[in-house]
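# Secondary and tertiary structure notes
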Amino acid sequence: MSSGNFRRGGRGGRAPFGGRSGLNDSTQKESTVPAAMLKAARSSGQLNLSNRGLQEVPESVWRINTDLPEESKNVNLNNTDDRWWEQVDLTKLILASNQLVSLSEDIKLLPALTVIDVHDNNLSSLPDAIRDLVNLQKLNISHNKLTSLPECVYHLGSLKTFLASHNQIKEITDRVGGLTFIEEFDISHNELTMLPRQIGYLGRVMKLNLSENKIRELPLEIGAMDGLRFLDLNHNCLSELPAAVGDLKYLEQLYLRHNKLTDLPLLKECKSLKELHVGNNAIQKISVDNLQCLSALSVLDIRDNKVAELPDEITLLEQLQRLDLTNNDLSTLPNGLGLMTKLKSIVLTGNPMKKIRNDIVMRGTNAIKKYLASRIEEPELNGNQAEKSGVKSSQGASGVIGGSGDGVDPFAVATSRTLDYSNKSVSVIPDDIWDVLSKHEVHILNLGKNALTEMPPNTVLAAEGCKDLTLGFNRIQVLSKEIGLFMKLQNLDLRNNLLSDLPPEMASLQLLQGIILSHNRLKKLPPVLFQLKKLESLLINDNQISDVDAMAIKSLPVLSVLNLQNNDIMQVPPELGNCTQLRSCLLEGNPFRIPRPAILAKGTDAVLDWLRGRIPT
């Protein structure tokens, strides 16, 4: 820019804040941008005034390219270092993390701006003059106090990146269709209830973030957004998706967590989809049609739904690497999952597994896949095959006990070392069941889903060899101290009872690796748990726990899974960040304010790292 563009004497003795008078010298010094910073900005075209406590922008910033700079007043022909006459127009202005409540209309004096970043201020409006910034390509107004999308924004025909998250915006008008050059559009964490159909005109948008709003339905025209690669609709009020979403053939990531979906969307043309996140909905079924459309999928997250069965055709997802099935209603899995070579992670926590032993589930993905693969390699024998191989049929002379046609086969107990008398809705276990326990050592005892009000005294008949004990889904208020006799126990399921504490006698369970205490009435982490040094998994979500003893948790050297969701925790101690043995630490659903949900969403490593950074030194 030549020196002819300067206006000599343009400021004419005016105060540096747009003509305001009455400011004392110290206030002016604090508020005025240093001359050296303005000088550097004239050379680079960029000015960063973030986090400087500004309540308003000094006039010298708006007039940086119009007023004659100080260095021009002392011209020295022998010094060519300060070539002030070769200044460039300001193209990038960063005013983030200040205390601005408004911006001046003088912003029009910076017509070359391509980037404006005013995120994390107190703005409730934008100057109308912004519409004249025809070169503007990026506008960040996130974390402000806007209640509507300013009209001037719709005139920014060159805009490519528009970030407006964390405001209180209630509506996007049909004028949005004119922003045809936008490639990234983030209006998450607002109060939108709907989208205009003109959103479909934004064919160049590759990343669209609409999460944390109140959107009830999507317009059909969303299917015309051919450029979409990333679509985030987490935390809205969607009960269904229009079929047009399935036309997004270049979509790679789709987030639909925390909505009201009852069916998995049918994504017919989404051949490029790599990640599908539909957790925390009310999905009951996954159909073969759903799976046939997702040949490129590498991540499938359907946690916290009501899925009771996975079809065998899930093996069609040959690229699948991560499958999250946490907290569904699955009792078994398709055996074919065991042969999927690219599948590196299967998460099954919180499912009522019947056909896969709990100890296998607790050992993780490789153990689950090995077990499923073995089921393919060793098919069940029918009656004739059993006789030829010398194995007695389970329908032997012993007969079925504990209930007609629905009870327990003593022969099966003897051969499998498993006694399953669950889901009978009984308050008293029949005597002939105890007779079987007295004659045969069992490794797995399942008395879950009954109406027991206590751990039956005769349960100790299984104490000598039992490794896996299930008493979940009963009405037990106090756990018998006899539980301490189960010294070989590795897994204990006590979920969905009425427990308010655990007996100290449990300290003898030194081989215990996993315990499920979800959905009880515990108000604190039972102290006896911290004496169990081989404990690897502690699921204690959905109780009434108010405090977290980080030092006690750190004392469990191999604890890798800790679920504290949906309790009454008001404060997360920073020292929890030192529990680096944890690979999964779930804290969502508690009333604490920090860490914020955005931190929790990044996963365990990020949460622990964030907490460590806040430990007092």
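Residues numbered from 1 in each chain as written. Predicted model: local features only at pLDDT ≥ 70, side-chain atom pairs only at ≥ 80, totals over all residues. Heavy atoms only, no water.

## Examining the overall build of the protein
Across its full length, the protein holds 12 helices and 21 strands. Split into buried and exposed, the 617 residues of the protein put 48% on the buried side. Of all intrachain contacts in the protein linking residues separated by at least 6 positions in sequence, the fraction that spans at least 24 positions is 37%. For the protein, the exposed area adds up to about 29,700 Å²; of that, 46% sits on carbon and sulfur atoms. (Helix = DSSP H or I, 4+ residues; strand = E, 2+ residues; numbered from the N terminus. Buried < 20%, exposed > 50% of the residue type's maximum accessible area, 1.4 Å probe, protein only. Contact = heavy atoms within 4.5 Å. Areas by Shrake-Rupley, 256 points an atom, 1.4 Å probe, with all protein chains shown as cover.)

## Looking at the side chain of Ser165
As for its placement among the helices and strands, Ser165 is situated in the loop between strand 5 (161–163) and strand 6 (184–186). Owing to a relative accessible area of 7%, Ser165 belongs among the buried residues under this scheme. Among the polar contacts listed, one links the side chain of Ser165 to the side chain of Ser142, at a separation of 3.1 Å. Filtering out sequence-adjacent residues up to four positions away, Ser165 remains in contact with Ser142, His143, Asp186, Ile187, Ser188, His189 and Asn190. (Polar contact = N/O pair within 3.5 Å; in protein donor to acceptor, adjacent residues only side chain to side chain.)

## Here's the deal with the environment of Thr114
Mapped onto the elements of the fold, Thr114 is located in the loop between strand 2 (92–94) and strand 3 (115–117). Along the primary structure Thr114 and Leu139 are separated by 25 residues, whereas in three dimensions their C-alpha atoms are 8.5 Å apart. Residues in contact with Thr114, not counting those within four places in the same chain, are Thr91, Asn135, Leu136, Gln137 and Lys138.

## Observations concerning the sheet that holds strand 14 (residues 418–420)
Strands sit in the order 14-15-16-17-18-19-20-21 across an open sheet of 8 strands; the sheet is parallel. In the strand order of this sheet, the two ends are held by strand 14 and strand 21 (584–586), each with one partner. Each strand of the sheet is rotated relative to its neighbour by a mean of 5°, with strand direction disregarded. The pairing of strand 19 (residues 537–539) with strand 20 (residues 561–563) spans 3 bridges and is classified as parallel. Bridge assignment links Leu538 to a residue of strand 20, and that residue is Leu562. (Pairing = 2+ DSSP bridges. Axes fitted to C-alpha atoms, helices over the stretch in contact; angles between N-to-C directions.)

## Quick notes on the side chain of Asn474
Position of Asn474 among the secondary structure elements: in the loop between strand 16 (468–470) and strand 17 (491–493). Given a relative accessible area of 6%, Asn474 falls into the buried group. Discounting chain neighbours no more than four positions away, the residues touching Asn474 are Leu447, Gly448, Lys449, Asn450, Ala451, Leu452, Asn496 and Asn497.

## Digging into the nonpolar core
Leu139, Phe162, Phe185, Leu276, Leu310 and Leu333 are the most contacted members of the largest nonpolar core, which totals 102 residues. Counting only elements with at least two residues in this core, the list comes to helix 2 (35–44), helix 3 (59–62), helix 5 (358–363) and helix 6 (365–377). Of the residues forming this core, the biggest block, 4 residues, is contributed by helix 6. Excluding residues within four positions of it along the chain, Leu310 makes contact with Ile286, Ile302, Leu323, Leu325, Leu330, Leu333 and Pro334. If you look at the next biggest cluster of nonpolar residues, it comprises 67 residues, including Ile433, Ala462, Phe486 and Phe530. (Core = buried A, V, L, I, M, F, W, Y, C linked by side-chain atoms within 4.5 Å.)

## Digging into the packing of aromatic side chains
By the definition in use, this model includes 2 aromatic pairs. Ring geometry for Phe162 versus Phe185: centroids 5.6 Å apart, planes at 35°, classification tilted. Taken as a pair, Phe162 in strand 5 and Phe185 in strand 6 lie far apart in primary sequence, 23 residues in all. Each member of the pair Phe162 and Phe185 is classed as buried. Relative to Tyr255, the ring of Phe230 has its centre 5.6 Å away and its plane inclined at 45°; by these criteria the two rings are tilted. Of this pair, Phe230 sits in strand 8 (residues 230–232) while Tyr255 sits in strand 9 (residues 253–255); the two residues are 25 residues apart in sequence, bridging distant segments of the chain. (Phe/Tyr/Trp six-rings, centres within 6.5 Å; stacked < 30°, edge-to-face > 60°.)

## Description of the confidence of the model for the protein
Confidence in the prediction for the protein averages 85 pLDDT; 87% of positions are at 70 or higher. When the criterion is pLDDT under 50, residues 1–31 qualifies, and its contacts beyond four places in sequence or with other chains add up to 47 contacts. Overall, residues 377–398 carries pLDDT values under 50, and its contacts beyond four positions in sequence, including any with other chains, amount to 11 contacts. (pLDDT = per-residue confidence, 0-100.)

## Here's the deal with helix 2
Among all positions in helix 2, only Leu38, Ala41 and Arg42 are buried. One side of helix 2 holds all its buried residues, which, seen down the axis, span an arc of 100°. Facing away from the buried side of helix 2, by more than 90 degrees, are the exposed residues Ala36 and Ser43. Where the residues of helix 2 are buried, they touch strand 1 (46–48) and helix 3. (Arc of directions from axis to C-beta.)

## Focus: the pattern of salt bridges
Tallied over the full model, the rule gives 11 salt bridges. Measuring nitrogen to oxygen at the nearest pair gives 2.4 Å for the salt bridge that ties Arg175 to Glu151. With Arg175 in the loop between strand 5 and strand 6 and Glu151 in the loop between strand 4 (138–140) and strand 5, this residue pair connects regions lying 24 residues apart in the sequence. Residue class for Glu151 comes out partly exposed when judged on its relative accessible area of 35%. Between Arg303 and Asp324 there is a salt bridge, and its shortest N-O distance comes to 3.6 Å. (Salt bridge = Lys/Arg side-chain N within 4 Å of Asp/Glu carboxyl O.)

## Focus on unusual backbone geometry
Cis geometry marks the peptide bond from Ile594 to Pro595; its omega dihedral reads 5°. Mapped onto the elements of the fold, Pro595 is located in the loop between strand 21 and helix 11 (597–600). Unusually for a residue other than glycine, Ser97 sits at a positive phi of about 55°. Tracing the backbone through its elements, the reader meets Ser97 in the loop between strand 2 and strand 3. Here the phi dihedral of His519 falls at roughly 55°; this positive angle occurs in a residue that is not glycine.

## Thoughts on the environment of His189
Summarising the element assignment, His189 is placed in the loop between strand 6 and strand 7 (207–209). Here the alpha-carbon distance between His189 and Gln168, two residues 21 residues apart in the chain, equals 7.8 Å. Filtering out sequence-adjacent residues up to four positions away, His189 remains in contact with Ser165, His166, Asn167, Ser211, Glu212 and Asn213.

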